[in-house]
Amino acid sequence: MALLKIKFTQQRRVHLAQGLWLLSWMAVMWGGVIFCLGVYLKTELLRRAEVMDNTEIHVVPNILMMVGLASIGTNWVASRVCQDSLDPTRFPRWKVPLLAWFAVATVLCCLLIAVVALSYALQGSLEESLKVGLRNGIRFYKDTDVPGRCFQKETIDRLQMEFRCCGNNNFKDWFEVQWVSNRYLDFTSKDVKDRIRSNVDNRYLLDGVPFSCCNPTSPRPCLRYHLTDNNAHFNYDYQSEELNLYSRGCRQALTDYYMELMNSTGPGVLSVILIQLSVLLSLRYLQTAVETAMVLEDPEGDSEGYLLEKGVKETIEDLKINALTMLKFGQVDPNAAEGSSEVADAEKDEKDAPPSPAS
Amino acid sequence: MAVLRLKFTKNERDKLAQVLWILNWISVLTGILLFSLGLFLKVEINKRGELMAERDIQYVPNMLIAVGLIACAINFLGGKICYDCVDTNKFLRWKLIMLPYIICTFFFTFCVLVGALMCYSMRGELEESLNLGLTEAIRFYKDTDTPGRCFLKRTVDMLQMEFHCCGNNGYKDWFQIQWISNRYLDMSQKEVVDRLRSNVEGKYLMSGVPFSCCNLNSPRPCIQQHVTNNSAHFNYEHQTEALNLWMRGCREALLEYYTHIMQSIGLTVLLTWLFEVMDACLSVLTGVRYLQTSLENVLRQGDLNSESDGWLLENSFMETARTNLNIIKCLGKGNQIDTANNGDPNINVPSTSKAHYGPDNVPLKEIPEAS
């Protein structure tokens, strides 16, 4: 009992082949779009690679790029099958490749669904990675003379200005690290000596932030130093001052940015899944309809197309038997060995038999 | 004796019309390109409108937009004409418009060239405008509480951060104006009062710059205050310190930016003009002229499918010029009064030429009326 049978006249078969050809070229185009989305996402992640600790999140654009390329290839093959489907001399050569094609197309659909799931699941990992990366960036801000870290200052400054954020969680992160290098500190000055002695690690800590934290929309020229001291500046209240510096933390800003990017690729990925599924189903119908038509006496007559030849359970049983047979193919069958030795003995008896009557 | 006479079969006429149609549509696309370039320049100028003083620089993008639109209209009309030329019935509609269309195309091609040259001439006006505009903007930087100027601080800060520049000519422009508003100055402090008294106008001047002048590439945290005082900071010498603040002036930075845009646009428009000249003059005018004359000849001969001659001018250049001059003279005479009849044009002046009365030259007898 076939699954989801549909009757196909010759006309309908032709229409199906034409429609499927158009659909598969559209799928090729969408595959290209998915590839480009993957490339864009990867370049955006690589641009900020310096403030990320690990590359776990890169699996999302990698899968998108791979699926995009594979989708271009498989749908191009589907369009070739469509072109050959109405020619009875050329269609039979696609019999075995089509099985492989169906497997690949199913795998692609599963991968696309996995990508959507991963982009939400990896948000936590992205945040962790950014937290560690930004913490290191802020810690090494002052090390512009250390090879390998000399551009850390520029990176953090650019990041804070571009994403309008300050520090890891907020601007107070800058109060906990020494971000002014020792070579610009006058160790003979009393203020410097006091500050260095005031903490265990002998770091020069101050309640000030770099200039890249300054908010240009503030009506007042930026106040960067003595931020917690209300008396240091005229008409200034530390608790109620909101516009002076950026209030958002860079980790939050970057996470929001990347989540938005991945969410915007969501509709594209979903539409590719739908298109791929429809190409898959239509090609199956086309294959079965054309094959059924080819075995009829009148190849131009009506034929039936179906999704599965037998029901779902029976098909699974058949597949199991096929798989086991293929596995057994490698093993030596003891019954077969005995049978062959018996045959060999019978042959030997026959050979011995003729000479005896002669003698 | 016609100028450059050629013979056209019906097929050749059709092909000529089709080729001209395609060329016209390519010209429509170039017209759209001109329009979008003009629009882009207009948007870019308006984006920084707050930093430019009132100067006559809008005429360049406006000219480009107008020329682009006219290009689209003329070439669309030309495409329609060529499309209709294939069918002789429809061609008759356009017969009268052909010549004005050819003249308009010449004129419009000249306009494109003027547009391209104007792109290069805009630079001087732009520099003047930027100079004045930036001086004003820096002066009103502190007025974030004055309506109409409250966003000037943000505009100037974003400009300096984006274009990597500081001040009008350099960072010292900030030393000459008060960029900290009075409402953030503690008038009870001695230092503030001293500074205010130290100059004639009572301005709070300091050797400091806003944070947006800070250079990202500096290895040292930015020094904004007491920039010229070497002893105020450890291990600091302001004459040799080149990486602390942006060294370039914003006028120079913006001018370079706009010059780059205008040069690219000017180059594109020049290339478009060259294409239009080759396309319009050689192909459209010649082709349209040939099409017109050959179709007129076909109509005169009466047979639509036959061959016909096409030419550029019916008679030679000299004769055509003479004929046109006569036409112009007659047009001129039409307004003058004929003084031979005492100014009255209704008097019937008898013909002075001899009447020709047949081969015998005998005047006709009057036939008596039948009674």
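Residues numbered from 1 in each chain as written. Chains lettered and ligands numbered in written order. Predicted model: local features only at pLDDT ≥ 70, side-chain atom pairs only at ≥ 80, totals over all residues. Heavy atoms only, no water.

Enquirer: How should I be thinking about the overall build of chain A in this particular structure?
Expert: For chain A, the count of helices and strands is 11 helices and 2 strands. In terms of C-alpha radius of gyration, chain A reaches 35 Å, well past the compact-globule figure of 21 Å for 359 residues. In terms of overall dimensions, chain A has C-alpha extents of about 125 × 65 × 35 Å along its principal axes. For chain A, with 359 residues in total, the buried portion stands at 43%. Pairs at least 24 apart in sequence give 72% of the contacts found in chain A among residues at least 6 apart. (Helix = DSSP H or I, 4+ residues; strand = E, 2+ residues; numbered from the N terminus. Rg over C-alpha atoms; globule rule 2.2 N^0.38 Å. Buried < 20%, exposed > 50% of the residue type's maximum accessible area, 1.4 Å probe, protein only. Contact = heavy atoms within 4.5 Å.)

Enquirer: Would you take a moment to explain a negative patch on the surface for this structure?
Expert: On the surface, a cluster of negative charge is made up of A:Glu297, A:Asp298, A:Glu300 and A:Asp302. For A:Asp298, a relative accessible area of 43% translates into the label partly exposed. (Patch = residues over 30% accessible without salt bridge, like charges linked within 9 Å, V, L, I, M, F, W, Y side chains within 5 Å. Areas by Shrake-Rupley, 256 points an atom, 1.4 Å probe, with all protein chains shown as cover. Salt bridge = Lys/Arg side-chain N within 4 Å of Asp/Glu carboxyl O. Lys, Arg positive; Asp, Glu negative; His and termini not counted. Charge placed at Lys NZ, Arg CZ, Asp CG, Glu CD.)

Enquirer: Help me understand the interface of chain A and chain B in this model?
Expert: Listed as interface residues are 26 residues of chain A and, on the opposing side, 25 residues of chain B. Approximately 2,400 Å² of surface area, both sides summed, lies buried where chain A meets chain B, with 65% of it carried by carbon and sulfur atoms. Applying the counting rule to chain A against chain B returns 0 salt bridges. Linking chain A with chain B are 6 residue pairs in polar contact (both at pLDDT 80 or more), by the criterion used here. (Buried area = accessible area lost by both parts, 1.4 Å probe. Polar contact = N/O pair within 3.5 Å; in protein donor to acceptor, adjacent residues only side chain to side chain.)

Enquirer: I would appreciate a short explanation of the pattern of salt bridges in the present structure.
Expert: Where side chains of opposite charge bring their charged atoms close, a pairing between them can arise. Residues and elements named next belong to chain B. All told, the structure shown has 27 salt bridges over all chains when counted by the stated rule. Between Arg-149 and Asp-143 there is a salt bridge, with the nearest N and O atoms lying 3.0 Å from each other. Taking the relative accessible area as the measure of exposure, Arg-149 reaches 30% and is therefore partly exposed. A salt bridge links Asp-194 to Lys-190, with the nearest nitrogen and oxygen atoms 2.9 Å apart. Placement of the pair is Asp-194 and Lys-190 together in helix 7 (residues 190-197), with a separation of 4 residues, close to one helical turn. For Asp-194, a relative accessible area of 35% corresponds to the partly exposed category.

Enquirer: Would you take a moment to explain the side chain of A:His233 for this structure?
Expert: Residue and element names in this part refer to chain A. You can see His-233 is positioned in the loop between helix 6 (190-197) and helix 7 (250-264). When its relative accessible area of 16% is taken as the criterion, His-233 is described as buried. Looking at His-233, its side chain comes within polar contact range of the main-chain oxygen of His-226, at 3.2 Å. Non-local contacts of His-233, meaning those with residues more than four positions away in its chain, are made with Arg-220, Leu-223, Tyr-225 and His-226.

Enquirer: Help me out: how do you make sense of the UniProt feature "transmembrane region" (unreviewed entry) in chain B in this one?
Expert: What UniProt calls "transmembrane region" (unreviewed entry) maps, in this numbering, to residues 20-40, 60-78 and 98-120 of chain B. The annotated region residues 20-40 of chain B carries 100% helix and 0% strand content, and the separation between its end C-alpha atoms amounts to 30 Å. (UniProt positions renumbered as here; feature names shortened; annotations may be inferred.)

Enquirer: How do you make sense of empty space enclosed by the protein when you look at a structure like this?
Expert: Any empty space left between atoms is shown by rolling a water-sized probe over those atoms. According to the stated counting rule, one finds 3 cavities of 30 Å³ or more in the structure shown. Estimates place the volume of the largest cavity at around 40 Å³. Partitioned by chemical class, the residues of the lining of the largest cavity number 5 nonpolar, 2 polar and 1 charged. (1 Å grid on protein atoms, 1.4 Å probe; cavity = no way out; pocket = protein on both sides within 12 Å on 5 of 7 lines; lining within 4 Å. Points joined across faces, edges and corners; volume = space filled by probe spheres on them. Nonpolar A, V, L, I, M, F, W, Y, C, P; charged D, E, K, R; others polar.)

Enquirer: Is there a simple way to explain the UniProt feature "transmembrane region" (unreviewed entry) in chain A in this structure?
Expert: Residue and element names in this part refer to chain A. In the numbering used here, UniProt assigns the feature "transmembrane region" (unreviewed entry) to residues 20-40, 60-78 and 98-122. Within residues 60-78, the helical portion is 100% and the strand portion 0%, while the C-alpha atoms at the span's ends are 26 Å from each other. Across residues 98-122 one finds 96% helix and 0% strand; the C-alpha atoms that close the span lie 35 Å apart.

Enquirer: Would you mind showing me how to read the nonpolar core here?
Expert: Inside soluble globular proteins, nonpolar side chains tend to come together where they are buried. Of all hydrophobic cores here, the largest spans 127 residues; its most connected members are A:Trp174, A:Val209, B:Leu126, B:Trp174, B:Val209, B:Ile265 and B:Val269. Of all hydrophobic cores here, the second largest spans 23 residues; its members include A:Leu16, A:Cys82, A:Leu280 and A:Ala289. (Core = buried A, V, L, I, M, F, W, Y, C linked by side-chain atoms within 4.5 Å.)

Enquirer: Would you mind going over the confidence of the model for chain B with me for this structure?
Expert: Detailed conclusions should not be drawn from predicted coordinates in areas where pLDDT is low. Predicted confidence across chain B gives a mean pLDDT of 80, with 73% of residues reaching 70 or more. Prediction confidence for the complex, expressed as pTM and ipTM, is 0.75 and 0.76 respectively. (pLDDT = per-residue confidence, 0-100.)

Enquirer: In this structure, what is going on with unusual backbone geometry? I would like to understand it.
Expert: Negative phi is the rule for most residues except glycine; trans is the rule for most peptide bonds. A positive phi is found at A:His226, a non-glycine position, where the angle reads about 50 degrees. Considering the arrangement of structural elements, one finds A:His226 in the loop between helix 6 and helix 7. Judged by its relative accessible area of 39%, A:His226 falls in the partly exposed class. A positive phi angle, near 50 degrees, is found at B:His226, a position not held by glycine. In this structure, B:His226 sits in the loop between helix 7 and helix 8 (250-301).

Enquirer: What am I meant to see in the packing of aromatic side chains here?
Expert: Within a pair of aromatic rings, the relevant descriptors are the distance that separates the centres and the angle that separates the planes. Going through the model one piece at a time under the given rule, you end up with 17 aromatic pairs over all chains. Relative to A:Phe102, the ring of A:Trp101 has its centre 5.6 Å away and its plane inclined at 85 degrees; by these criteria the two rings are edge-to-face. Each member of the pair, A:Trp101 together with A:Phe102, is buried. Taking 5.5 Å as the distance between ring centres and 85 degrees as the angle between the ring planes, the aromatic pair formed by B:Trp25 and B:Phe76 counts as edge-to-face. With B:Trp25 in helix 1 (residues 10-47) and B:Phe76 in helix 2 (residues 59-85), this pair connects stretches of sequence that are 51 residues apart. Clustering of aromatic rings is evident, with ring pairs tying together A:Tyr141, A:Trp174, A:Trp179 and A:Tyr225. Against the face of A:Phe8 rests A:Arg12, its NZ or CZ located 5.7 Å from the ring centre. The cationic tip of B:Arg149 hangs over the ring face of B:Phe140; the distance from NZ or CZ to the ring centre is 3.7 Å. (Phe/Tyr/Trp six-rings, centres within 6.5 Å; stacked < 30°, edge-to-face > 60°. Lys NZ or Arg CZ within 6 Å of the ring centre and 35° of its normal.)

Enquirer: Explain the environment of A:Leu185 to me, please; I cannot follow it from the model alone.
Expert: The topology assignment puts A:Leu185 in the loop between helix 5 (152-163) and helix 6. Assessed through its relative accessible area of 5%, A:Leu185 is described here as buried. Distance in space between the C-alpha atoms of A:Leu185 and A:Leu99 is 73 Å, their sequence separation being 86 residues. With near-sequence residues (within four places) excluded, A:Leu185 lies in contact with A:Gln178, A:Val180, A:Val192, A:Tyr204 and B:Phe234.

Enquirer: Can you help me understand the layout of surface pockets in this one?
Expert: Taken as a whole, the largest pocket holds about 1,600 Å³ of empty space. Forming the boundary of the largest pocket are 47 residues, of which A:Tyr225, A:His226, A:His233, B:Gln225 and B:His226 lie nearest the centre. Put simply, the parts of the chain that give the lining of the largest pocket at least two residues each are helix 6 of chain A together with helix 7 of chain B. For the lining of the largest pocket, the residue count by class is 27 nonpolar, 11 polar and 9 charged. Taken as a whole, the second largest pocket spans an internal volume of roughly 700 Å³. Elements supplying a minimum of two residues to the lining of the second largest pocket: helix 3 (95-121), helix 8 (266-295) and helix 9 (312-328) of chain A. Tallied by class, residues from the lining of the second largest pocket come to 8 nonpolar, 5 polar and 6 charged.

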